[in-house]
Structures are given as C-alpha cells and as structure tokens.
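Below are the chains, spelled out letter by letter.
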Amino acid sequence: MKDSVLQRYQALKALVVERREDFTRLTEFMENNTDYLKAPASTRFHLCYEGGLLEHSCNVAENLLRLREALAPELSVESCVIVALVHDLGKAGMPGNPQYLPNEPTARQKQYGYPATVPYRFNNDLTYLSVPVRSLYLAAPLIDLTEQEVQAIIYHDGQYVEDNRSVATKEAPLTLLLQYADSWSSFVTEKESRPK
C-alpha cells in the first residue's frame, strides 16, 4: 500500500473530532479486525489491487468534502468523512473472512503459463449481504449514526442498484453528495486504474 494513501487516510480521520472516541473504536476495528487496509476496491474494475479499497474510500471522502464545500456547507464535515470511509466497508468482508480472495489461475491456465484473467474473486464462504448492508452491519455497533448517515451508506450506489429505487426523490443531501462522490471517484478519479 502506498504511504501517500495512508497519510491521506490519517488526515481524514483527524477531521472527526466530536465523535472521535466512537470513530476511533470503529477505525481500529476496521484496521485490525478486517481487510479494510489491504482489500481491493473491486474484483476486476476500479482499483483491483491490494489497498484499493482504502484508496477508493479516501478518494470518495476527499471528493465528498469538495462537494460539501461547494454545494452544502451546512453538512457536517464529520458526517462526510464517516460515511465516505464506511460506505464500502462491507467489501472488507467479516473479521477473519475477507470478501475478496486472490483469484488463482485454473490448472489449465497454469499449464500454459497464463495469469488469472480476474485478479480477485468473491469469497463464497461469506453469507451474502450487499456491500452497503454489510458496511452498516459492521459499523453500527461501534458508532452511533444519524438517519441521514445510514441512508447515505445504504443508498450510496444510487439508481445503479434496482433495490435503491425505493429512495428515489427522497434522498437526503448527504446521500446525493455521497452518490456523486462515489461515482466521480470510480469513473473519473480512478479511471486510469480500470482495465482497458
């Protein structure tokens, strides 16, 4: 993992002051009990390498803070940092059971010297939960979240996910900004990391 990403992450964590104790408990859990620091952001799309999830989370947080400053300065900086760093926590999997595993080449691929076509694969030993639901499942016992923060985490994929249609036109400003920061990060900021 790049030192610059860790420095960005530490700077973002320092912005949480009022809920520092709970947030520290949450981030220590994320760092020490899950694969949050080393998980990829995806199996084959954006930032599909070790540490990609942390890099993506930092990108989302920084873009969300820019959007907040320009469009909704009344939103809490802490809320922005918390939802951005937690929105994809579910991609880290469960303690001792990561969501993404390195994808080993098949026997035939090994025979011919081909690398795996997809760097990571989904861990089928996990009980299936969507990423936002697992994110909330992991975070909620460790930090009190507002209704707006819960909505932002659960619906951060916006209308790309059929299940999210129920919140259409009812999104809180934090949810809308997180959706856009996540999309901007994935499709613009991280564009160079996407396979061609």
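Scroll up for the structure.
About the cut-offs
- Residues numbered from 1 in each chain as written.
- Predicted model: local features only at pLDDT ≥ 70, side-chain atom pairs only at ≥ 80, totals over all residues.
- Heavy atoms only, no water.
- Helix = DSSP H or I, 4+ residues; strand = E, 2+ residues; numbered from the N terminus.
- Rg over C-alpha atoms; globule rule 2.2 N^0.38 Å.
- Buried < 20%, exposed > 50% of the residue type's maximum accessible area, 1.4 Å probe, protein only.
- Contact = heavy atoms within 4.5 Å.
- Areas by Shrake-Rupley, 256 points an atom, 1.4 Å probe, with all protein chains shown as cover.
- Expected span 1.5 Å × (residues − 1).
- Patch = residues over 30% accessible without salt bridge, like charges linked within 9 Å, V, L, I, M, F, W, Y side chains within 5 Å.
- Salt bridge = Lys/Arg side-chain N within 4 Å of Asp/Glu carboxyl O.
- Core = buried A, V, L, I, M, F, W, Y, C linked by side-chain atoms within 4.5 Å.
- Arc of directions from axis to C-beta.
- Disulfide = S-S within 2.5 Å.

Visitor: What is the right way to look at the overall build of the protein chain in this model?
Guide: Regarding its fold elements, the protein chain presents 8 helices and 2 strands. From first element to last, N terminus to C terminus, the protein chain shows the α and β order α-α-α-α-β-α-β-α-α-α. Expected size for 196 residues packed as a compact globule is a radius of gyration near 16 Å; at 17 Å, the protein chain falls within 12% of this value. With the C-alpha coordinates aligned to their principal axes, the bounding extent of the protein chain is approximately 60 × 35 × 35 Å. A total of 196 residues make up the protein chain; the buried ones form 48% of that total. Long-range pairs, those at least 24 residues apart, make up 63% of the contacts in the protein chain with a sequence separation of at least 6. Carbon and sulfur atoms make up 54% of the accessible area of the protein chain, which amounts to about 10,400 Å² in all.

Visitor: Sorry, what's going on with helix α3 (residues 52-71) here?
Guide: Working note: α-helix, 3.6 residues per turn, so residues spaced by three or four point in the same direction. Helix length check: α3 (20 residues) gives 28 Å between terminal C-alpha atoms against 28 Å at 1.5 Å per residue, within 8%. Counting buried residues along α3, 15 of its 20 residues qualify, which places the element largely inside the surrounding structure.

Visitor: Looking at this model, I keep getting lost on the environment of S79. Mind explaining?
Guide: Mapped onto the secondary structure, S79 falls in helix α4 (residues 77-86). For S79, a relative accessible area of 11% translates into the label buried. Residues contacting S79, with those up to four places away along its chain left out, are R19, E149 and L174.

Visitor: Explanation requested: a nonpolar patch on the surface in the structure shown.
Guide: On the surface, Y160, Y180, W184, F187 and V188 cluster together to form a nonpolar patch covering roughly 570 Å² of accessible area. Mapping Y180 onto the fold places it in helix α8 (residues 173-189). The class for Y180 is partly exposed, based on a relative accessible area of 44%.

Visitor: What should I look at first to understand the nonpolar core in this one?
Guide: Generally speaking, soluble globular proteins have nonpolar side chains that are buried together. With 41 residues, the main nonpolar core has F23, L26, Y36, L64, L85, V86 and L89 as its most contacted residues. Put simply, the parts of the chain that give this core at least two residues each are α1 (3-13), α2 (20-33), α3, α4, α6 (131-139), α7 (147-154) and α8. The dominant element in this core, judged by the number of residues it contributes, is α3, at 8 residues. With residues up to four places along the chain from it excluded, the contact list for L26 reads V86, A139, L142 and I143.

Visitor: For this particular structure, what's the right way to read α2?
Guide: The first and last C-alpha atoms of α2 sit 19 Å apart over 14 residues, in line with the 20 Å expected at 1.5 Å per residue. When α2 is considered as a whole, its buried residues turn out to be F23, L26, T27, F29 and M30. The arc that holds every buried residue of α2, seen down its axis, measures 155 degrees, which confines them to one face. Across α2 from its buried face, at more than 90 degrees, point the exposed residues E21 and N32. Looking at the buried positions of α2, the neighbouring elements they touch are α1, α4 and α6.

Visitor: Help me understand the state of the cysteines, please; the structure alone is not making it clear to me.
Guide: A covalent bond bridging the sulfur atoms of two cysteines is what the word disulfide describes. Per the stated rule, a full pass over the model turns up 0 disulfides. Residue C48 stays outside any disulfide, its sulfur separated by 18 Å from that of C58, the closest cysteine. Accessibility expressed as a relative area gives 14% for C48, which makes it buried. Counting only cysteine sulfurs, C80 is the nearest neighbor of C58, a cysteine outside any disulfide, at a range of 15 Å. The class for C58 is buried, based on a relative accessible area of 0%.

No statement about biological role is implied by the geometric values presented.
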